[in-house]
Amino acid sequence: MDRTAGKELALAPLQDWGEETEDGAVYSVSLRRQLSQRLSPGAGPGGSQAPSPAADAFLHYRTSKVRALRAARLEQLVRELVSGDHEQDPGFVPAFLATHRAFVSTARVLGLLLPPPPPPLPPGIEIKKTEGGGLRVNKNLRAVVSVLGSWLRDHPQDFRDPPAHSDLGSVRTFLGWAAPAGPEAQEAEKLLGDFLEAERKQEEEQPEAWAGPPGATQTPRPDSPEGCSEEEEGLVREGPELLDFGVDEVAEQLTLLDAELFSRVRPCECLGSVWSQRDRPGATSAAPTVRATVTQFNMVIGCVLGSVLGEQGLAAPQRAQRLEKWIRVAQRCRELRNFSSLRAILSALQSNPIYRLKRSWGAVSRERLSTFRKLSQIFSDENNHLSSREILSQEEATEGPQEEDTLPGSLPPKLPPGLVPYLGTFLTDLVMLDTALPDMLEGDLINFEKRRKEWEILAHIQQLQKRCRSYCLSPRAPVLAALRTQRQLSEEQSYRVSRVIEPPAASCPSSPRIRRRISLTKRLSAKLSRERGSSPGGSPGDPSSPTSSLSPGSPPSSPRTRDPPPGSPPASPGSQGPSTKLTSQDKAPSVVQRALEKHNVAQPWARDYQLFQVLPGDRELLIPDNANVFYAMSPAIPGDFVLRRKERARLTTTVSST
């Protein structure tokens, strides 16, 4: 058989082999096939001959065994930082440094990592110096110094512990005798100076921070629609409103703010084990950089609600002009690759207070409605938000002009270099990953395979952070001032104003057909009301009734209408509605209890009810009592649920509230 020179075999470069255990640690084993030097049959055994293009040349493949630590005790993980084969497993050190705070403190890692200082030398004996001026250290000591260098450079905030910064002090002490003239020691000294300077500036700015944003005093707190009108009439505005500026100006300033906040996000704060605890008592200071992006997201939503609903006396065509301008701002955000503000604007436009303004939507031009629908398709929740993920991947791979964008939301040929993603998608992935995989395995071993998967997402965030720093936008003080002073409305306030602008009886067939999100507790309430033959608090099926939204990290539950159009309204990060908030930590019993409390059913009855999801074909899926509702339900079908009495508790056909 003839062999063609240079023709490589189509062999898989990596093949899983299995697992093996050593000293109690579990390793995953793979076989890696690598191409060796190309030789001719006349080559000597030394292998020094250069690659030959002759026809009689052939290929050599080398198969090597690759081990990656999968589970181990903490001491073994720290030992792997120093003595592990980083060529075989290059992802171990960055994965550990990025995720270690999920299972151990920085101080604990340093206590295991840093060796004690050498004993003092007798008088008269000098320390031998290397050519570089540092101490002559052994291989393990150099490995520790290298790990600390990566740690200080990639995750400096891990060492911030004001006012003493004791962890950074331990690192400085070690580097002071292990590598006093190395770049790592210089980095540690610089980091301490940066921390002290930041604390000094924070103390100087602290009195101003208590004053709140300039528009804080303008946020109305109406107890009735009439109260909104009176407060609005008494409001004195200074300077132009936000929509008085051009579309490009507003979109660019939103992008500037979003890019700055996203670049400051600490990836470790996005971990599911950290972000999922944000609503627990005593966790108000957790994940401050992520909370800052949530605050900005909600601020944009509030600006859209306030500008569209703020003036109740506007005619429908005038309000339609404001809707159209926000659609144009959203389109410009799409062109700027700012998916954060894009989703915030769409969230506000798809919220019930604005969605139900059918006369206003009827006055919106067909062109703008078409743009609105196309932009909404970007954040469709079908197939785990596949559309937005594909568009984001496409944008990451695009450095220059692109000829055609076949996905919804096509762009003009000229593209900006920066990119700001919607952070909620990553938060949701990390929360689901944290819920699905255990932290510990049998034998009290830390599940480091879980940390590797988390690191893949965190590394993606870090890549996007580098990308978003390439924007070339300049701040414009008048636009930023108008953004801060723009009147904002909460969801409840917006709903009250919306019902004054257009009473519930109003209808118009030209309203945009976009699927709306209904919280799971609202669906449960509707089912329970029909079973009891009453409708407390109004009709849950009323399209004008307010709904709540989910925060990022909480997988959405979105029922489908009879004729669903493309796209669905996204969940606004961190916003809370009038109904009970359902998070990824809620178990079935707590959901059942809150649904019963909504209908004034005595709490002891909660244990007698079970939660079912309605499936096609008159089937039902029982949600176990100890299950997490978000992850136990089937996401591929409409989110319709029903509460049923357990068989042993079915003594009567109605539920008593006494």
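Residues numbered from 1 in each chain as written. Predicted model: local features only at pLDDT ≥ 70, side-chain atom pairs only at ≥ 80, totals over all residues. Heavy atoms only, no water.

**Q** How should the overall build of the chain be read in this particular structure?
**A** Across its full length, the chain carries 23 helices and eight strands. Counting only residues that meet the buried cut, the chain has 47% of its 658 residues in that class. At a minimum sequence separation of 6, the contacts of the chain that also span at least 24 residues come to 75%. Of the roughly 33,400 Å² of accessible surface on the chain, 51% is carried by carbon and sulfur atoms. (Helix = DSSP H or I, 4+ residues; strand = E, 2+ residues; numbered from the N terminus. Buried < 20%, exposed > 50% of the residue type's maximum accessible area, 1.4 Å probe, protein only. Contact = heavy atoms within 4.5 Å. Areas by Shrake-Rupley, 256 points an atom, 1.4 Å probe, with all protein chains shown as cover.)

**Q** Could you clarify how one ought to interpret the pattern of salt bridges in this entry?
**A** As a working rule, side chains carrying opposite charge can pair if their charged atoms are close by. Across all of its chains, the model carries 28 salt bridges by this definition. With a shortest N-O distance of 2.5 Å, Arg 70 and Glu 19 are connected by a salt bridge. A residue pair is termed long-range when its members are at least 10 positions apart, and Arg 70 in strand E3 (residues 61-72) and Glu 19 in strand E1 (residues 14-22) qualify at 51 residues. The class for Glu 19 is exposed, based on a relative accessible area of 52%. Put simply, Glu 311 and Arg 322 hold a salt bridge, and the shortest N to O gap is 3.2 Å. Residue Glu 311 is found in the loop between helix H10 (288-309) and helix H11 (316-335), and its partner Arg 322 is found in helix H11; the two are separated by eleven residues along the sequence. Sharing partners across several salt bridges, the network here consists of Asp 434, Asp 439, Lys 450, Arg 451 and Glu 454. (Salt bridge = Lys/Arg side-chain N within 4 Å of Asp/Glu carboxyl O.)

**Q** Please explain the side chain of Arg 356 as it appears in this structure.
**A** Tracing the sequence through the fold places Arg 356 in the loop between helix H13 (352-355) and helix H14 (358-362). This buried residue, Arg 356, is left without a salt bridge; Glu 502 holds the nearest opposite charge, at 5.8 Å. A distance of 3.4 Å separates a polar atom in the side chain of Arg 356 from the backbone oxygen of Pro 503. (Lys, Arg positive; Asp, Glu negative; His and termini not counted. Polar contact = N/O pair within 3.5 Å; in protein donor to acceptor, adjacent residues only side chain to side chain.)

**Q** Teacher, can you tell me more about the sheet that holds strand E5 (residues 445-447) here?
**A** Adjacent strands of a sheet pair through backbone hydrogen bonds, lying either parallel or antiparallel. On the basis of which strands lie adjacent, the open sheet formed by five strands has the order E1-E2-E3-E5-E4 and antiparallel pairing. Two strands bound the open sheet, and with one partner strand each, they are E1 and strand E4 (440-441). Bridge analysis of E3 against E5 gives two bridges, and the strand direction is antiparallel. By the bridge assignment for E5, Ala 72 is matched with Ile 446. Sitting on the sheet, helix H1 (residues 74-83) is in contact with E1, strand E2 (25-35), E3 and E5, with an inclination near 140° to E3. On the sheet, helix H18 (residues 448-468) packs against E3 and E5 and is oriented at approximately 105° with respect to E3. (Pairing = 2+ DSSP bridges. Axes fitted to C-alpha atoms, helices over the stretch in contact; angles between N-to-C directions.)

**Q** I keep staring at the packing of H11 against helix H15 (residues 366-378) and nothing clicks. Help me out?
**A** In a pair of packed helices, the angle between the axes and the distance between the axes together describe the arrangement. Look at H11 against H15: their axes get within 10 Å of each other, and the N-to-C directions meet at 45°. Judged on the interaxial angle alone, H15 and H11 are oblique. Judged by the sense of rotation from one axis to the other, the crossing of H11 with H15 is left-handed. Across from Glu 324, Ile 327, Arg 328, Ala 330, Gln 331 and Arg 334 in H11, the residues of H15 making contact are Arg 368, Thr 371, Phe 372, Leu 375 and Ile 378. (Parallel < 35°, antiparallel > 145°, perpendicular 65-115°, else oblique. Left-handed = near helix turned anticlockwise from the far one by under 90°.)

**Q** What should I look at first to understand the sheet that holds strand E7 (residues 619-623) in this one?
**A** One open sheet holds the three strands; their spatial order is E7-E6-E8, and the pairing between them is antiparallel. Since the sheet does not close on itself, it has two edges, and those belong to E7 and strand E8 (641-645), each with one partner. Recorded for the sheet is a direction-independent mean angle of 40° between the axes of neighbouring strands. For strand E6 (residues 609-615) and E7, the ladder comprises five bridges, and the chain directions are antiparallel. By the bridge assignment, Val 614 is partnered in E7 with Glu 620.

**Q** I tried to follow helix H19 (residues 477-485) on my own but got confused; where do I start?
**A** Residues Val 479, Leu 480, Ala 482 and Leu 483 constitute the buried set of H19. When H19 is viewed along its axis, its buried side chains cluster within an angular range of 160° and face the same direction. Of the surrounding secondary structure, the elements contacted by the buried residues of H19 are helix H8 (247-264) and H10. (Arc of directions from axis to C-beta.)

**Q** Looking at this structure, how should I read the nonpolar core?
**A** The tendency in soluble globular proteins is for nonpolar side chains to be buried as a group. By size, the foremost hydrophobic cluster in this structure holds 70 residues, and its most contacted members are Leu 148, Phe 159, Phe 174, Leu 175, Cys 270 and Leu 423. Among the domains, domain 1 (2-34 + 59-117 + 141-200) and domain 2 (247-397 + 416-501) are the pair contributing at least three residues each to this core. Not counting the four nearest positions on each side in its chain, Phe 159 is found in contact with Thr 106, Leu 110, Trp 151, Leu 152, His 165, Asp 167, Leu 168, Val 171, Leu 191 and Phe 195. Within the second largest apolar cluster, 48 residues are counted, among which are Leu 323, Leu 357, Phe 379 and Val 479. (Core = buried A, V, L, I, M, F, W, Y, C linked by side-chain atoms within 4.5 Å. Domains from an automatic or database assignment.)

**Q** When you look at the pairing of E6 in this model, what are you seeing that I'm missing?
**A** The side chains of a regular strand alternate between the sheet's two faces. Across the seven residues that make up E6, a large majority, five, are buried. Sheet analysis places E6 next to E8, joined by five bridges and oriented antiparallel. By the bridge assignment for E8, Leu 611 is matched with Leu 643.

**Q** Could you clarify how one ought to interpret the packing of H8 against H10 in this entry?
**A** At a minimum axis separation of 8 Å, H8 and H10 run at an interaxial angle of 160°. If you check the angle between H8 and H10, you find them roughly antiparallel. Here the hand of the crossing between H8 and H10 comes out left-handed. For the pair formed by H8 and H10, the contact residues are Leu 254, Leu 257, Asp 258, Leu 261, Phe 262 and Arg 264 on the first element and Thr 289, Ala 292, Thr 293, Gln 296 and Val 300 on the second.

**Q** So what exactly am I meant to see when it comes to the side chain of Ser 340 here?
**A** The topology assignment puts Ser 340 in helix H12 (residues 339-349). Relative accessible area serves as the criterion here: at 12%, Ser 340 is assigned to the buried category. Excluding residues within four positions of it along the chain, Ser 340 makes contact with Asp 258, Phe 297, Val 420, Pro 421 and Tyr 422.

**Q** Before we go on, may I ask you to explain the environment of Arg 33 in this structure?
**A** Within the secondary structure layout, Arg 33 lies in strand E2. Along the sequence, Arg 33 and Leu 14 sit 19 residues apart, while their C-alpha atoms lie 6.3 Å from each other.

**Q** I would appreciate a short explanation of the environment of Gln 610 in the present structure.
**A** Counting through the fold element by element, Gln 610 comes out in strand E6. It is 8.2 Å that separates the C-alpha atoms of Gln 610 and Pro 589, two residues lying 21 residues apart in sequence. Discounting chain neighbours no more than four positions away, the residues touching Gln 610 are Leu 622, Val 642, Leu 643, Arg 644 and Lys 646.

**Q** Which parts of the structure should I look at to understand the confidence of the model for the chain?
**A** Detailed reading of the predicted coordinates is not advisable wherever pLDDT is low. Mean pLDDT for the chain: 75, with 67% of residues reaching 70 or above. Note that pLDDT drops below 50 for residues 44-49; the model gives that stretch six contacts with residues more than four away or on any other chain. (pLDDT = per-residue confidence, 0-100.)

**Q** For this particular structure, what's the right way to read the packing of aromatic side chains?
**A** By convention here, two paired aromatic rings are described through the distance between centres and the angle between planes. Inspection of every chain in the model, using the stated rule, returns nine aromatic pairs. When the centroid spacing of 4.8 Å and the interplanar angle of 40° are considered together, the rings of Phe 92 and Phe 448 count as tilted. Here Phe 92, found in helix H2 (residues 92-99), pairs with Phe 448, found in helix H18; they are 356 residues apart in sequence, far enough to count as distant. Classification of Phe 92 as buried rests on a relative accessible area of 1%. Taken together, the aromatic side chains of Phe 92, Phe 96, Phe 103 and Phe 448 make up a single cluster linked through ring pairs. Of note, Arg 67 hangs over the ring of Tyr 27, and the distance from its end group to the ring centre comes to 3.9 Å. (Phe/Tyr/Trp six-rings, centres within 6.5 Å; stacked < 30°, edge-to-face > 60°. Lys NZ or Arg CZ within 6 Å of the ring centre and 35° of its normal.)

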